[in-house]
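# Architecture at a glance
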Amino acid sequence: EVQLVESGGGLVQAGGSLRLSCAASGFTFDDYNIGWFRQAPGKEREGVSYISSNDGSTYYADSVKGRFTISSDNAKNTVYLQMNSLKPEDTAVYYCAAVLGGGYYWGAPYGYDYWGQGTQVTVSS
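Because the structure is predicted, anything quoted here is derived from the model rather than measured.

## Let's talk about the pairing of strand 4 (residues 33-39)
Counting buried residues in strand 4 gives six out of seven residues, a clear majority hidden from the surface. Inspection of the sheet shows strand 4 paired to strand 9 (residues 92-99) by seven bridges, in the antiparallel sense. Counted as the bridge partner of Asn33 is Val99 from strand 9. Turn length for the strand 4-strand 5 (residues 46-51) hairpin, with the two strands adjacent in sequence and antiparallel, is six residues, and the turn residue Gly42 shows positive phi of about 80°.

If you want it as structure tokens, here you go:
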């Protein structure tokens, strides 16, 4: 069965760090592009970061650029999101998603083939 499982969320103070993991199973991980999304209560789901399976290119939302880093470990079928200098506005449920092909804007929560259940990140002031 296809699964994406996020982990690593938690409660941190502003300025702190967390490392999220997205573990994949049930599909050929190396063929898929992986995106990280987040959704705060009452807000739309938004793209945070993305990594391409073709050339390893990475993309970031302007709001997290310079603070977050996406990386992958194909041997572990896992993608990571290192989050530094966290701000209260980063508080959200974070999801990873996988898509085989392109043709969509990476940061839009449409067209992805698989989604995880999410992990809560809470940043206090």
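Still to come is the rest of the account.
## Points about the pattern of salt bridges
Applying the stated criterion across every chain, the model contains four salt bridges. Put simply, Arg67 and Asp90 hold a salt bridge, and the shortest N to O gap is 2.8 Å. Of this pair, Arg67 sits in the loop between strand 6 (58-60) and strand 7 (68-73) while Asp90 sits in the loop between strand 8 (78-83) and strand 9, and the two are 23 residues apart along the sequence. Since its relative accessible area comes to 10%, Arg67 is described here as buried. Connected through shared salt-bridge partners, Arg38, Glu46, Arg67 and Asp90 make up one network.

## Points about the nonpolar core
In this structure, Trp36, Phe68, Val79, Leu81, Met83 and Tyr94 are the most contacted members of the largest nonpolar core, which totals 29 residues. Put simply, the parts of the chain that give this core at least two residues each are strand 3 (18-25), strand 4, strand 5, strand 7, strand 8, strand 9 and strand 11 (119-124). Contact partners of Met83, with chain neighbours within four places excluded, come to Gly16, Ser17, Leu18, Leu20, Arg67, Phe68, Tyr94 and Val121. The next biggest cluster of nonpolar side chains, apart from the first, holds six residues, and it includes Phe37, Tyr50, Val99 and Tyr112.

Rules behind the numbers
- Residues numbered from 1 in each chain as written.
- Predicted model: local features only at pLDDT ≥ 70, side-chain atom pairs only at ≥ 80, totals over all residues.
- Heavy atoms only, no water.
- Buried < 20%, exposed > 50% of the residue type's maximum accessible area, 1.4 Å probe, protein only.
- Helix = DSSP H or I, 4+ residues; strand = E, 2+ residues; numbered from the N terminus.
- Pairing = 2+ DSSP bridges.
- Salt bridge = Lys/Arg side-chain N within 4 Å of Asp/Glu carboxyl O.
- Core = buried A, V, L, I, M, F, W, Y, C linked by side-chain atoms within 4.5 Å.
- Contact = heavy atoms within 4.5 Å.

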